[in-house]
Structure formats: C-alpha cells, structure tokens
Amino acid sequence: MNSFIDKIWEFIQNYYIDPIIFDTGYNPVNTITWAILLGIFLFGVIRLFKRLNISVDERFILSIIPFILAGSSLRVVEDAGIFNAPVSYLLITPIIYFLVFAIVILTLVVSKWLYNKEFIKDYHILVASIGSFWFIFNVSILLFFENVVNLYVPFFVIGATTLLVFIVYKILKYSGLDILSTKLNFTIMWAHLLDASSTIVGIDLLGYHEKHVVPSYLIELTNTATVMYPLKILIFIPVLYILDSYFNEDKESRNLKTFVKIVILILGLAPACRNTIRMTLGI
C-alpha cells in the first residue's frame, strides 16, 4: 500500500510540483490537466456572470485587458527574482493564471456591487482603472530593480506583428473570408502573432528557450522559432471560424463563444507581454 502511495506521490511530484518549484515549464500530463481545470473554471465563471448580470461585451473585454498586462508584468517580477519562495511559486505559470483570474473576478464582483448600489456610474471604468494601476505598479517595481537592456525588442515585436497580421487580414479578405473583420478576432490574431514574434526574438536572437510542449517540439524539429507564425495562423484561423459559425444559436451560446475567445486572447497576450518585457529588461 505504501509503495502504491509513494508511486502516486512521485507522479504528482514529477509532473506537477517540480515544474512549478523549478519553473521547468510544461509536460503532456500537466498541460492536459491545466486545460481541463481551465475549462471547469470557465464554466463556473460563466454561471457566476449570469447570476450577477454581467454582460460579456466589447466594453467588458477592454476593461480586463489591463489585468492581462498586470499579470504578465507580475510574472516578470518573479522572473527577476524579486520575490522568494514560497511566494514566488504563486507567480509561476499556470498558478499565476488562476491567481490573476481570481483577482479579476473579485474586482468585477465588488465593482458590480458598487454599481448596483449606485456608488459608481460605470463599473467597467473602475475595473480598468484597478488593472491599469496594478500594471503600472508592477512596471515601476521592475524598473526600480532592473535596467532596460534591449530597447529594440518591443518595437521589433510590435512592428513585425502588426505588419504580419495586416497581411494575413488582407489575404483572408481577398479569399472571401471575413474571419478577422471583427475587432475581437483581429485582436486575438494580433495577440497570438505577438506571442510568436516575441518567441522568435527570444529563441532565435537572444538565446531563450521554449517551455510549452508542442511549440518546443516544432522549434527543435525545424531549428527555428519562425515556425510559430504558421503554427499560430493554422490553429487559430480555423478555431475562430468554428466559433463564429457554430455558436450563434442563442444568447447563451454567444456568451460562451465570447468567453472562449477571451481565454484564447489571454493565452496569447499574456505570454507575449511577459516575453517582451522580460527580454527588454534582459531578464
């Protein structure tokens, strides 16, 4: 019996605990597990928002974007070694995703309560303001402890991404596909190509390494991180097409579609911002 328990604990230690403690990245086991937990968390949030009568629309998305930037910059604070264990463990992916999600939910609930009590006129503004303050605070801490080493990085990453996403947009439009015609879809593609650009700069130019399972395999196979561009395009164009084509039956389906898109946006924008800030500061 003890041997069986020891094997289970060894499995948990190897696939879940060690990757967090030593920040070694993902493996197939924890990748699947975190994806399942994310799905469960997503459905819980949808039910909560329905109960609180929070509309998932363009204003909502804009209000939480500062929290994505705040979470990304907080991750870089951990990369810089400013926090020690065990606090630092909370700031390692994927735990930091759930931490930031929880703070966003708490902020939304409190802001909506203040709005319902007529203490504030617009809860979106309060949510965005709190997220922006948090992001500025994190950046201030980073600039206090670290120096700007590679100033060209954000300009190159943003410039290359913007150029490429417009090229993709024009090609799709010329082909009769209006997948990127909406602001949200365009932003999602921009965020994931931003992630790809930051990965290319980090791996091909600055000697960083990829921690995710599939990208790491493809980069090793092709010997270049530029494989991230076609990978992102070939994955997310069909995903966006499927979401827009088959999740329009009723309000609940449309809300689910928007929630899924928000998660996809976060999964692209968060690592892109983290990578860019980290490389700019040479961390």
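Before going into details, it helps to say that this report is about the structure given with it.

Thresholds, definitions, all that
- Residues numbered from 1 in each chain as written.
- Predicted model: local features only at pLDDT ≥ 70, side-chain atom pairs only at ≥ 80, totals over all residues.
- Heavy atoms only, no water.
- Helix = DSSP H or I, 4+ residues; strand = E, 2+ residues; numbered from the N terminus.
- Buried < 20%, exposed > 50% of the residue type's maximum accessible area, 1.4 Å probe, protein only.
- Lys, Arg positive; Asp, Glu negative; His and termini not counted.
- Salt bridge = Lys/Arg side-chain N within 4 Å of Asp/Glu carboxyl O.
- Contact = heavy atoms within 4.5 Å.
- Patch = residues over 30% accessible without salt bridge, like charges linked within 9 Å, V, L, I, M, F, W, Y side chains within 5 Å.
- Areas by Shrake-Rupley, 256 points an atom, 1.4 Å probe, with all protein chains shown as cover.
- Axes fitted to C-alpha atoms, helices over the stretch in contact; angles between N-to-C directions.
- Left-handed = near helix turned anticlockwise from the far one by under 90°.
- Expected span 1.5 Å × (residues − 1).
- Core = buried A, V, L, I, M, F, W, Y, C linked by side-chain atoms within 4.5 Å.
- Phe/Tyr/Trp six-rings, centres within 6.5 Å; stacked < 30°, edge-to-face > 60°.

By the secondary structure assignment, Lys112 is in helix H4 (residues 95-116). No salt bridge is formed by the buried Lys112. Its closest oppositely charged neighbour is Asp122, at 10 Å. Ignoring anything within four residues of it in the chain, the contact list for Lys112 reads Leu52, Asn53, Ile54 and Tyr123.

Moving on, we come to a nonpolar patch on the surface. Together, Ile8, Trp9, Phe11, Ile12 and Tyr15 make up an exposed nonpolar region whose accessible area comes to about 450 Å². With respect to the element layout, Ile12 can be found in helix H1 (residues 2-21).

Another aspect to go through is the pattern of salt bridges. The full count for this structure, using the stated rule, is 8 salt bridges. Residues joined in a network through salt bridges with shared partners are Arg75, Glu78, Asp79 and Arg274.

Let's shift gears to the packing of helix H3 (residues 58-79) against helix H10 (residues 251-280). Between H3 and H10, whose axes approach to 8 Å, the crossing angle comes to 40 degrees. The interaxial crossing formed by H3 with H10 has right-handed handedness. Across the interface between the two elements, Phe60, Ile61, Ile64, Ile65, Ile68, Leu69, Ser72, Ser73, Arg75, Val76 and Asp79 of H3 pack against Thr258, Ile262, Leu265, Ile266, Leu269, Ala270, Cys273, Arg274, Ile277 and Arg278 of H10.

Taking 1.5 Å as the rise per residue, helix H2 (residues 28-52) with 25 residues should run 36 Å; its terminal C-alpha atoms sit 36 Å apart, in good agreement. Positive backbone phi, approximately 60 degrees, marks Asn53, located one or two places after H2.

It is worth spelling out unusual backbone geometry at this point. Notably, Asn53 is not glycine yet its phi reads approximately 60 degrees, a positive angle. With respect to the helices, strands and loops of the structure, Asn53 is situated in the loop between H2 and H3. Classification of Asn53 by relative accessible area gives exposed; the value is 57%. Even without being a glycine, Glu118 presents a positive backbone phi close to 65 degrees.

Attention now moves to the nonpolar core. Phe49, Phe60, Leu108, Leu180, Met189, Phe259 and Ile262 are the most contacted members of the largest nonpolar core, which has 65 residues in total. Considering each element in turn, this core owes the most residues, 11 residues, to H10. Apart from residues lying up to four places away in sequence, Phe49 is in contact with Ile54, Val56, Phe60, Ile105, Leu108 and Phe259.

Taken as a whole, this structure holds 8 aromatic pairs when the rule is applied. Note on Phe67 and Trp134: the rings are 6.1 Å apart at their centroids and 70 degrees apart in plane angle, and the pair reads as edge-to-face. One end of the pair, Phe67, is in helix H3; the other, Trp134, is in helix H5 (residues 123-145), and 67 residues separate them in sequence. Using a relative accessible area of 1% as the deciding quantity, one classes Phe67 as buried. Exposure remark for Trp134: the relative accessible area of 17% places this residue in the buried category. A ring pair is formed by Tyr169 and Phe186, whose centres lie 6.1 Å apart and whose planes are at 80 degrees; its orientation type is edge-to-face. Taken together, the residues Tyr169 in helix H6 (residues 152-174) and Phe186 in helix H7 (residues 183-205) connect sequence positions 17 residues apart.

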